[in-house]
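In case you want the letters, here they are:
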Amino acid sequence: MMSSSPIVLCSTVRLVRSLRLAHSRSQLAQGAVRWEPLPAMTLKQWLEDVLGEALLCGEIKSASAPSLVLGGMQERILWERAIESCLTGDLVDALFDRAGMAAAAMEANRLVIEWRIGLSGGEHTEETSQFLRWREAYRKLCAKANWLEPVRYFEWQIEQLAAGSGRLPQQLCLAGFDRLSPQESRLFEVLAARGVVVVPWRSGLDQSAPAVQVMLADADAECRAAVSWAQRQLAQNPQARIAIVAPELGAIRARLAAMLDDVLHPEAIVPAAAEMPRCYDFSLGAPLAAQTVIATALGLLRTIAGRRRVEQEVFGVLLLQPYWSAGVREADGRAQLEAAIRADLPAVITLDRLARYTRKQAERGLGVDQLADHLEAMLQVHSRQPARQLPSAWAVSFRMLLGVAGWPGERGLSSHEFQARQTFSEVLESLSQLDTLLGVVVMDEALRRFNQACSEQIFQPRTEGDPSLQVMGMLEAAGAPLDALWVMGMNDHVWPPPARPNPLLPAAAQRAARAPNADAAVQADFSRAIHERLLRSAPQVVFSYAHAEGGRELRPNPLVAGLPSLPGEVELAATLAEMLAANPVSAISQENDHLAPPAIEGERIPGGAGLLKAQAVCPAWAYYQFRLGARALDVPVEGLDAAGRGSLLHAALERFWQGRGSATLAEMSDEALAAAVAEAVAQALEAFNAAREEPLPPGFTALEGGRLRQLVLSWLNFEKTRTAPFEVEACEREVRLEIEGIAVRLVIDRIDALDDGQLVIIDYKTGATVDYKNWAQARITEPQLPIYASLALAGEQVAAVAFAKVRSDDARFSGIAAEEALLPGVLGLAQDKARKDFSVEQFPDWPALLAHWQSSVQAIAREVRSGEAAVRFSDEKDLEYCEVKPLLRLPERKLLFERESG
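The structure displayed is predicted, hence computed values, not measured ones. (Residues numbered from 1 in each chain as written. Predicted model: local features only at pLDDT ≥ 70, side-chain atom pairs only at ≥ 80, totals over all residues. Heavy atoms only, no water.)

**A short note on the overall build of the protein chain**
Part 1: Summing up its helical and strand segments, the protein chain has 34 helices and 28 strands in all.
Part 2: The globule rule puts the C-alpha radius of gyration for 902 residues at 29 Å, and the 37 Å found for the protein chain is more than 25% above it.
Part 3: Along the longest, intermediate and shortest principal axes, the C-alpha atoms of the protein chain span 120 × 70 × 55 Å.
Part 4: Here the analysis covers contacts within the protein chain between residues at least 6 apart in sequence; of these, 76% occur between residues at least 24 apart.
Part 5: When the 91 basic and 114 acidic side-chain charges of the protein chain are each reduced to a single mean position, those positions are 6 Å apart. (Helix = DSSP H or I, 4+ residues; strand = E, 2+ residues; numbered from the N terminus. Rg over C-alpha atoms; globule rule 2.2 N^0.38 Å. Contact = heavy atoms within 4.5 Å. Lys, Arg positive; Asp, Glu negative; His and termini not counted. Charge placed at Lys NZ, Arg CZ, Asp CG, Glu CD.)

**A word on the sheet that holds strand β26 (residues 798-805)**
Part 1: Strands sit in the order β23-β24-β25-β26-β27-β28 across an open sheet of six strands; the sheet is mixed. A single partner strand is all that each edge strand has here, and the edge strands are β23 (726-739) and β28 (827-828).
Part 2: Of the pairings in the sheet, the one linking β23 to strand β24 (residues 742-754) comprises 12 bridges and is antiparallel in character. The residue bridging E727 from the neighbouring strand is A753, located in β24. (Pairing = 2+ DSSP bridges.)

**Regarding the pattern of salt bridges**
Part 1: For the structure on display, the rule yields 55 salt bridges.
Part 2: For the salt bridge of R329 with E410, the shortest nitrogen-to-oxygen distance reads 2.8 Å. Placement of R329 in the loop between α12 (312-319) and α13 (331-344) and of E410 in the loop between α16 (391-404) and α17 (415-429) is noted, with a sequence separation of 81 residues between them.
Part 3: Overall, E410 belongs to the partly exposed group, its relative accessible area being 33%.
Part 4: Via salt bridges that share partners, E80, E445, R448 and R449 belong to a single interconnected network. (Salt bridge = Lys/Arg side-chain N within 4 Å of Asp/Glu carboxyl O. Buried < 20%, exposed > 50% of the residue type's maximum accessible area, 1.4 Å probe, protein only.)

**Notes on the packing of aromatic side chains**
Part 1: Overall, the coordinates contain 21 aromatic pairs when judged by the stated rule.
Part 2: Pairing F656 with W657 gives two aromatic rings, centres 5.2 Å apart and planes at 80°, and the pair type is edge-to-face.
Part 3: Among the residues examined, W657 registers a relative accessible area of 1% and is labelled buried.
Part 4: Put simply, the rings of Y772, W775, F803, F838, F843, W846 and W853 touch in pairs and so form one group of aromatic residues.
Part 5: When the ring centre of F282 is taken as origin, the NZ or CZ atom of R253, which lies over that ring, is 4.6 Å away. (Phe/Tyr/Trp six-rings, centres within 6.5 Å; stacked < 30°, edge-to-face > 60°. Lys NZ or Arg CZ within 6 Å of the ring centre and 35° of its normal.)

**Here's the deal with the side chain of R241**
Part 1: Among the secondary structure elements, R241 is positioned in the loop between α9 (219-236) and β10 (242-246).
Part 2: Note on R241: relative accessible area 18%, which makes it buried.
Part 3: Polar contacts involving the side chain of R241 include one to the side chain of D466, which spans 2.8 Å.
Part 4: Once residues lying within four places of it in the same chain are set aside, the contact partners of R241 are R25, D466, P467, S468, L482, D483 and A484. (Polar contact = N/O pair within 3.5 Å; in protein donor to acceptor, adjacent residues only side chain to side chain.)

**Remarks on the nonpolar core**
Part 1: Core analysis: the largest hydrophobic core is formed by 85 residues, its most contacted members being I117, F131, F398, W407, F424 and F450.
Part 2: It is helix α11 (residues 292-305) that contributes the most residues to this core, eight residues altogether.
Part 3: By size, the runner-up hydrophobic cluster in this structure holds 57 residues, among which are F626, I761, W846 and L849. (Core = buried A, V, L, I, M, F, W, Y, C linked by side-chain atoms within 4.5 Å.)

**What about the sheet that holds strand β18 (residues 469-473)?**
Part 1: Strand order across the open sheet formed by six strands is β9-β20-β19-β10-β18-β11, with parallel pairing between neighbours. The open sheet terminates on both sides in strands that have one partner only, identified here as β9 (212-216) and β11 (280-282). Strand-to-strand, the axes of this sheet are offset by a mean angle of 20°, without reference to chain direction.
Part 2: Relative to β18, β10 runs parallel, the two being bridged by five bridges. Looking across to β18, one finds that I244 is bridged to V471.
Part 3: Strands β10, β11 and β18 of the sheet are contacted by helix α10 (residues 249-264), whose axis makes an angle of about 165° with β11. (Axes fitted to C-alpha atoms, helices over the stretch in contact; angles between N-to-C directions.)

**Here's the deal with helix α29 (residues 698-719)**
Part 1: Look at α29: 31 Å from first C-alpha to last across 22 residues, which is about the 32 Å you get at 1.5 Å a residue.
Part 2: Here α29 has its buried residues at T701, E704, G705, L708, L711, V712, W715, L716, F718 and E719. Projected onto a plane normal to the axis of α29, the buried residues spread over an arc of 155° and lie on a single side. The exposed set on the far side of α29, more than 90 degrees from its buried face, consists of A702, L703 and Q710. (Expected span 1.5 Å × (residues − 1). Arc of directions from axis to C-beta.)

**Remarks on the environment of E740**
Part 1: In this fold, E740 is placed in the loop between β23 and β24.
Part 2: Distance from E740 to V864, taken between C-alpha atoms, is 9.3 Å for residues 124 residues apart in sequence.
Part 3: Among residues more than four places away in sequence, those in contact with E740 are Q858, A861, R862 and R865.

**Regarding unusual backbone geometry**
As a rule of thumb, non-glycine residues mostly have phi less than zero, and peptide bonds are mostly trans rather than cis.
Part 1: Of note, the amide linkage connecting W407 to P408 takes the cis form, showing an omega dihedral of 10°.
Part 2: Its location among the elements puts P408 in the loop between α16 and α17.
Part 3: The step from W495 to P496 runs through a cis peptide bond, and the omega angle for that step is 0°.
Part 4: With a phi angle near 70°, A821 is a residue other than glycine that sits in the positive phi range.
Part 5: Mapped onto the elements of the fold, A821 is located in the loop between β27 (812-817) and β28.

**Looking at a negative patch on the surface**
Part 1: A surface patch of negative charge is lined by E727, D755, D756, E819 and E820.
Part 2: Within the secondary structure, E820 is located in the loop between β27 and β28. (Patch = residues over 30% accessible without salt bridge, like charges linked within 9 Å, V, L, I, M, F, W, Y side chains within 5 Å. Areas by Shrake-Rupley, 256 points an atom, 1.4 Å probe, with all protein chains shown as cover.)

**Looking at the packing of helix α30 (residues 784-792) against helix α32 (residues 846-866)**
A pair of packed helices is captured by two measures, namely the crossing angle of their axes and the spacing between those axes.
Part 1: It is the contact of α30 with α32, at a shortest axis distance of 9 Å, that shows an interaxial angle of 105°. The orientation of α30 relative to α32 falls into the category roughly perpendicular. In this structure, α30 contributes P786, I787, A789, S790 and L791 to the contact, and α32 contributes L850, W853, Q854, V857 and Q858.
Part 2: Looking at the contact of α30 with α32 residue by residue, the class counts come to seven nonpolar, three polar and no charged. (Parallel < 35°, antiparallel > 145°, perpendicular 65-115°, else oblique. Nonpolar A, V, L, I, M, F, W, Y, C, P; charged D, E, K, R; others polar.)

**Considering the pairing of β18**
Part 1: Counted residue by residue, β18 has five buried out of five residues, so it is predominantly covered.
Part 2: With burial as the criterion, each face of β18 is covered, one bearing L469, V471 and G473 and the other bearing Q470 and M472.
Part 3: Both β11 and β18 contribute to a ladder of three bridges, which runs parallel. Bridge pairing links Y280 to L469 in β18.

**Some thoughts on the state of the cysteines**
Part 1: Tallied over the full model, the rule gives zero disulfides.
Part 2: C10 provides the cysteine sulfur closest to C173, a residue in no disulfide bond, and the two sulfurs are 9.8 Å apart. (Disulfide = S-S within 2.5 Å.)

**Thoughts on α10**
Part 1: In a regular helix each residue adds 1.5 Å, so 16 residues correspond to 22 Å; α10 covers only 19 Å between its end C-alpha atoms and thus falls short of that length.
Part 2: Of all the bends found along α10, the most pronounced is centred on R255 and spans about 35°.
Part 3: Along α10, the positions that sit buried rather than exposed are L249, I252, L256, A257, M259, L260, D261, D262, V263 and L264.
Part 4: Where α10 is buried, its residues meet α9, β10, β11, β18 and α23 (576-582). (Bend = angle between axes of the 7 residues up to and from the residue.)

**Some details on the side chain of T423**
Part 1: Within the secondary structure, T423 is located in helix α17.
Part 2: Ignoring sequence-local partners within four residues, the contact set of T423 consists of L288, Q457 and F459.

**Considerations on the environment of D634**
Part 1: For D634, the position within the fold is in the loop between α25 (619-627) and α26 (642-657).
Part 2: When the C-alpha atoms of D634 and K877 are compared, they prove to be 21 Å apart, with 243 residues separating the residues in sequence.
Part 3: Residues contacting D634, with those up to four places away along its chain left out, are R342 and A343.

**Looking at the environment of E48**
Part 1: Note on placement: E48 falls in helix α2 (residues 43-57).
Part 2: Here E48 falls in the partly exposed class, since its relative accessible area comes to 34%.
Part 3: Sequence-wise, E48 and Q157 are 109 residues apart; in three dimensions their C-alpha atoms are separated by 8.7 Å.
Part 4: Look past the residues within four positions of E48 in its chain and what remains in contact with it is Y153 and Q157.

Quick look at the structure:
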């Protein structure tokens, strides 16, 4: 039976939409008010309609139809099962990437059937022999349940049409089919035998356009040139229909979209306009799992599934997302909670512990009560789930878990977010299709399949209106002739794509069948067909290619190398930031504002010696960190970071030296010293763990105790070499003083009293480098010990100041003394070596040096009080440990200097 209406069969769903839009534009241009929509659909849709109707009418017996047409994930699972059933012994463990082999087998199976690749007879490679065994096992699994994968279902559909089933149109038009497989050719032969006229759909120009080519510096320049070209085309003719085509659209999509927004929609930079309609549209979407609202849902499910081992970094990212719990109302509290977790908890922790910590912080008034409720509800719901259940049941559980977590958040969803959520729900429902294949599984397996499905699902928000600019891949076809076309990326290593024959099939057989990706000749023929289509797509066609990439010189595709060059200078679009920098608003003037508000009387500025050090190195550092309170977030680590180890060392040495001096140390036997050190380390660890939110694990505590005992013993053995007798007068002494109106709190690591009553001030260091030579400079960048000597203990007789470098591999003192031999390795001020850094003209004696320290520190303190906050430093290396370096905007500063000097 034949129907009279011709039908247009399209290669892609996007082309269907494009043809329908082109048809509607044509009707409107002709003044039509009402018209029939263009009967366009994909080949798959048409076959389903025709044979579905035949089944309903009884032309095809339902028993002959497959009970299930496998989806992509179902087919892959079945291939995995088939592969596993064929592997024995060591091969099971050796083939670790079963999912990858299943994907290769799927492709090989499709190629064999679509392209009629012969595998019968002859010797086969081990890979092909394995594939044939896998295919046999796979088909047995399918036959048991009467299942067919899409490629064999297509064969079944062809046979039904050949048998006379289905009501066919008199004419079919093919659109967007750049090459036909033997399987598709067989379909159209069957249709022709039944009287259907199959003709190509004419959507291009009658003859090829006179194209030009242009070489750009690199891929970024190509993007800029193409966007600038599009801007000019639309400025000259706002009704123009143009396109940008790229063979590797996925690789440059983000860069191209950002550039198009900067040039064509600068207003989209405002968050409220993020989803505004654009005058351009991409043919390529992004994975559903990449949408932030969906990534949050998947992250929540992964976190609850792995509740016994949650990475703090991953949980921290979730905390800052607004798409669950009270993500808007409690945003500030959650940010503070994330900072507290970094400081208090280990890098890897259980979700139960995180929930308890969140509840404790909520009770302390942090403002995360709703979050604590949701975390506890998630844990309760998860605990009630069976260990194993069907994927469909896990889909219900996933929905329930997300519900009690408050996903997708308390604020209304935007249009794109709502569409993403709808697609997410559809993918979640599709888990039920895996019940028969997987049976009952654990949560991790169901979630792994669901994650994979969301990653493979391409999401593209619905396009509003009819954009003038289409951004497409090479395989996309325009629904109607364009006014102009720019084709990017025409380098020979990109287009045509390199050959990629399937590793499970004989390469010769693939070449003989002219299968896709079989060899360079096949790829070249295919690229010529695409090239011809592109030339007929618009009366103006520009091909561009990059000259270089990462220092490597590139070549153009041979198809464009001989084309005439694009006349005139090629304009490159600028980013929005570049445009604003180049054309500052006239009302805005630049001002060198290096003064912050002066410190008011009674203002408490934290930081102690660290504040004065930062001011000496770079005034802006001190202002941002200590006056404004900006600081870097802690980086979670397993066990202890350098600061934690330093604190433990200070505590252990403090406990050891209580009531002891050099005489006691010298009298102690090795056994007594080891016992005393062990006791001091044990006390330090006990106090350290008691003060922590999360005590160190027993095993780690034991390891750290051993390391600390060895380090302290090594240091004390070095201290035995001191020739000047001493008593430890104080450890970790807190001192409060006022320097030029700035209240400063200091903690002196250790003060030793010599027999003559003079003092030695010691500051413990565990780093690889210590610097005391800057104490002779006008701006002292290591002011801690000079502050102690010249101000904190100004009324005392300080005879030496030194860093104690407590390291097993390089234990030593580093500093300066009033006279020699007070500390091992520390020079007396009068010694010749010391005078290289502390000149006799500037520092004739020890009191002169103390006076220099006092005046230098006071000058730095006056800067703090006056509000001096310039980004000024002598060496950028001094900013290595600056926590607020991003606020200093050093790259922008360098750029400004370069422009001024240029």
